[in-house]
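Spelled out, the chains give:
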Amino acid sequence: MTTALRTDNLSALESEAVHIFREVAGEFDRPVILFSGGKDSTLLLHLAIKAFWPAPVPFPLLHVDTGHNFREVIEFRDKVVDRYGLRLIVANVQDWIDDGRLTERPDGTRNPLQTVPLLDSITEHKFDAVFGGGRRDEERARAKERIFSLRNAFGQWEPRRQRPELWNLYNGRHRPGEHVRVFPLSNWTELDVWNYIARENIELPSIYYAHEREVYLRDGMWLAEGPWGGPRPGETLLSKIVRYRTVGDGSCTGAVESDASDIESVIAEVAASRLTERGATRADDRLSEAAMEDRKREGYF
């Protein structure tokens, strides 16, 4: 793709996302942006800032923190919040475990445990629109979802209730207790994300670029040692040059061997890849062919 065509494509995607943010601001009473400090949520926040500049972003941020996140990402999250003077609401999964609303899983992963704290936080704060960084190219279940995705009073996704979206017209009508998930990055690809990050010079956590880290091999993925446990007996820690294509719960987010230490080399690497970042590095999506769809029906991101 030539530079001119790539720039036109990115400008069109940016314009669509900015329009979606402004549409939500005019149509809903209490929107919130899901923000973890990962690349997609950082891009989402960058677009929100653009949409309302020079006024401040009129929505708070919400992070469902598993307690098993990478240190670099949490530090970056807090730095961004301080830089822009944003309001961050943190729902700690550990709090739900401590008071008995959730039970720790035998496998140690907490990614599936995020759903209850998310839905509880939406109910507590009466959020009626929830921005997420999901993209259709990530996974088949996400490819089914509209930009405005209606959730019922239990936070569940019902594919049959998806509404047509023609000519950039979005239907945000919902009954009391229901809410709408909003995905301004739906039409972006991973390569679009990285090209836009390069164009806008958006800062990301260092974990997205090649660095030396001790990892161990499990089910074909390089996992890092951390508070989530591991390595197990028979799994050996090795020092590797790796980077992360996506970040989440450390117990199920794998690294890829890579020497891409700057944004140009990351773009070249992503352009050559035949696997999405979730397909390559997220163990929770490998539980079954419908793992993501099952979680979305329960209220997951």
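Reading guide: rules and limits
- Residues numbered from 1 in each chain as written.
- Predicted model: local features only at pLDDT ≥ 70, side-chain atom pairs only at ≥ 80, totals over all residues.
- Heavy atoms only, no water.
- Helix = DSSP H or I, 4+ residues; strand = E, 2+ residues; numbered from the N terminus.
- Buried < 20%, exposed > 50% of the residue type's maximum accessible area, 1.4 Å probe, protein only.
- Contact = heavy atoms within 4.5 Å.
- Areas by Shrake-Rupley, 256 points an atom, 1.4 Å probe, with all protein chains shown as cover.
- Expected span 1.5 Å × (residues − 1).
- Core = buried A, V, L, I, M, F, W, Y, C linked by side-chain atoms within 4.5 Å.
- Salt bridge = Lys/Arg side-chain N within 4 Å of Asp/Glu carboxyl O.
- Pairing = 2+ DSSP bridges.
- Right-handed = clockwise from strand over helix to strand, strands pointing away.
- Axes fitted to C-alpha atoms, helices over the stretch in contact; angles between N-to-C directions.
- Parallel < 35°, antiparallel > 145°, perpendicular 65-115°, else oblique.
- Left-handed = near helix turned anticlockwise from the far one by under 90°.
- Nonpolar A, V, L, I, M, F, W, Y, C, P; charged D, E, K, R; others polar.

Student: Report on the overall build of the protein, specifying residues and quantitative values.
Tutor: Looking only at helices and strands, the protein has ten helices and ten strands in total. Put simply, the protein has 301 residues, and 55% of those count as buried. Considering only intrachain contacts with a sequence separation of at least 6, the fraction spanning at least 24 residues in the protein is 72%. Surface exposure of the protein reaches about 14,000 Å², of which carbon and sulfur atoms provide 51%.

Student: Now, about helix 3 (residues 71-84): what can you tell me, with residues and values included?
Tutor: Between the first and last C-alpha of helix 3 there are 21 Å, a value that for 14 residues agrees with the 20 Å anticipated at 1.5 Å per step. Considered for burial, the residues of helix 3 that qualify are E72, V73, I74, F76, R77, V80 and V81. In this fold, the buried residues of helix 3 make contact with helix 2 (39-52), strand 2 (61-65), strand 3 (88-92) and strand 7 (211-218). Positive phi appears at G85, one or two residues downstream of helix 3, with a value of about 60 degrees.

Student: Account for the nonpolar core, naming residues and giving values.
Tutor: Burial of nonpolar side chains together is a common tendency in soluble globular proteins. Counting 57 residues, the largest nonpolar core has F21, I33, F148 and W194 as the members making the most contacts within it. Looking at this core, the elements that each hand over two or more residues are helix 1 (3-27), helix 2, helix 3, strand 4 (129-131), strand 5 (148-151), strand 6 (179-182), helix 7 (190-200) and helix 8 (263-272). Top contributing element to this core by residue count: helix 2, with eight residues. Excluding residues that lie within four positions of it along the chain, F21 makes contacts with I33, L44, L47, A48, A51, F52, F59, F131 and P184.

Student: With reference to specific residues and values, describe the pattern of salt bridges.
Tutor: Counted under the stated rule, the structure contains 23 salt bridges. Note that R105 is salt-bridged to D107, the shortest N-O span being 2.8 Å. The class for D107 is partly exposed, based on a relative accessible area of 37%. Between E145 and R151 there is a salt bridge whose closest N-O contact spans 2.8 Å. Comparing E145 with R151 shows no difference in burial state: the two are buried. Among the charged side chains, a network of salt bridges with common partners joins E14, K50, R199 and E200.

Student: Could you give an account of the sheet that holds strand 9 (residues 238-243), with specific residues and numbers?
Tutor: With antiparallel pairing, four strands are arranged side by side in an open sheet as 8-7-9-10. At either margin of the open sheet sits one strand with a lone partner, and together these are strand 8 (221-224) and strand 10 (256-257). Alignment of strand 7 against strand 9, held across five bridges, turns out to be antiparallel. Within the sheet, the bridge partner assigned to E214 lies in strand 9 and is S239.

Student: Kindly report on the pairing of strand 3, identifying the contributing residues and their values.
Tutor: Because side chains alternate across strand 3, one face comprises the buried residues I89 and A91, and the other comprises L88, V90 and N92, none of which is buried. Pairing of strand 2 with strand 3, which is carried by five bridges, proceeds in the parallel orientation. Bridging across to strand 3, L61 finds its partner in L88. A crossover connection joins strand 2 to the parallel strand 3 through helix 3; in handedness this β-α-β unit is right-handed.

Student: Just give me the short version of the packing of helix 2 against helix 7, but keep the residues and values in it.
Tutor: The packing of two helices is summarised by the inter-axis angle and the distance between the axes. At a closest axis distance of 11 Å, the pairing of helix 2 and helix 7 adopts a crossing angle of 55 degrees. If you check the angle between helix 2 and helix 7, you find them oblique. Remark: the crossing between helix 2 and helix 7 carries left-handed chirality. The segment helix 2 lies against helix 7, with K39, D40, L43, H46, L47 and K50 engaging E190, V193, W194, Y196, I197 and E200. Here the residues of the contact of helix 2 with helix 7 are counted per class, giving six nonpolar, one polar and five charged.

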